[in-house]
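The primary structure of each chain is shown beneath.
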Amino acid sequence: MPGLIRGVARTAVVAGTATAVSNRVSRRQAGRWSQQEAQQAPPQQVVYQEAPPPPPPPAAAPASMDSKIDQLKELATLKEQGVLTEAEFQVQKERILNG
């Protein structure tokens with residue numbers, strides 16, 4: 001039994017050491033590669049320009065009566081489910097009817 005424990009302990013030490021060395025090598029290589037890329041890449045100039053204003057939204061086409069009725073039905077369903085309050089329902093209803 002002591003031989004088995006010694007073998008397991010030795011394996012654990014070897015595996016731990018191998019993992020540590022592998023991680024260190026990976027970090028070193030990554031550092032070297034990033035240095036090489038920085039030396040090879042030309043310096044980038046940052047140019048700040050003012051963004052052009054967004055285009056105006058397209059004019060809304062008048063909604064057909066069928067579309068308004070469908071929207072009102074969906075709105076009523078949401079109110080019945082408790083998703084919308086009475087005040088929210090009224091505001092949205094006015095928006096649909098006047099839009």
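Reading the values: the criteria
Residues numbered from 1 in each chain as written. Predicted model: local features only at pLDDT ≥ 70, side-chain atom pairs only at ≥ 80, totals over all residues. Heavy atoms only, no water. Helix = DSSP H or I, 4+ residues; strand = E, 2+ residues; numbered from the N terminus. Buried < 20%, exposed > 50% of the residue type's maximum accessible area, 1.4 Å probe, protein only. Areas by Shrake-Rupley, 256 points an atom, 1.4 Å probe, with all protein chains shown as cover. Phe/Tyr/Trp six-rings, centres within 6.5 Å; stacked < 30°, edge-to-face > 60°. Lys NZ or Arg CZ within 6 Å of the ring centre and 35° of its normal. Patch = residues over 30% accessible without salt bridge, like charges linked within 9 Å, V, L, I, M, F, W, Y side chains within 5 Å. Salt bridge = Lys/Arg side-chain N within 4 Å of Asp/Glu carboxyl O. Lys, Arg positive; Asp, Glu negative; His and termini not counted. Charge placed at Lys NZ, Arg CZ, Asp CG, Glu CD. Contact = heavy atoms within 4.5 Å. pLDDT = per-residue confidence, 0-100.

Colleague: How should the overall build of the protein be read in this particular structure?
Modeller: The helix and strand inventory of the protein stands at three helices and zero strands. Tracing the protein from N to C terminus, the helices and strands come up as α-α-α. Among the 99 residues that make up the protein, the fraction classed as buried is 5%. Accessible surface, the protein as shown: approximately 9,100 Å² in total, 59% of it carbon and sulfur.

Colleague: Any chance you could explain the packing of aromatic side chains here in plain terms?
Modeller: For any pair of aromatic rings, the description rests on two quantities: the centre-to-centre distance and the angle between the ring planes. The full count for this structure, using the stated rule, is zero aromatic pairs. Looking at lysine 79, its charged tip hangs above the ring of phenylalanine 89, at a distance of 4.8 Å from the centre.

Colleague: Honestly, a positive patch on the surface in this entry has me stumped. Any pointers?
Modeller: Among the surface-exposed residues, Arg24, Arg27, Arg28 and Arg32 lie close enough to one another that they form a single positively charged patch. If you trace the backbone, arginine 27 turns up in helix 1 (residues 2-40). Using a relative accessible area of 58% as the deciding quantity, one classes arginine 27 as exposed.

Colleague: Would you take a moment to explain the environment of lysine 93 for this structure?
Modeller: With respect to the helices and strands, lysine 93 occurs in helix 3 (residues 86-98). Residue lysine 93 is classed as partly exposed on the basis of its relative accessible area, which comes to 25%. When the C-alpha positions of lysine 93 and glutamine 71 are compared, they lie 8.7 Å apart, and in sequence the two are 22 residues distant. Beyond its immediate chain neighbours, meaning those up to four positions away, lysine 93 contacts Leu72 and Leu75.

Colleague: So what exactly am I meant to see when it comes to the confidence of the model for the protein here?
Modeller: Residues shown with low pLDDT carry predicted positions that ought not to be read at fine detail. In the predicted model, the protein carries a mean pLDDT of 78, and 75% of its residues have values of at least 70. Of all secondary-structure elements in the protein, the lowest mean pLDDT belongs to helix 1, at 76, while helix 3 reaches the highest, 90.

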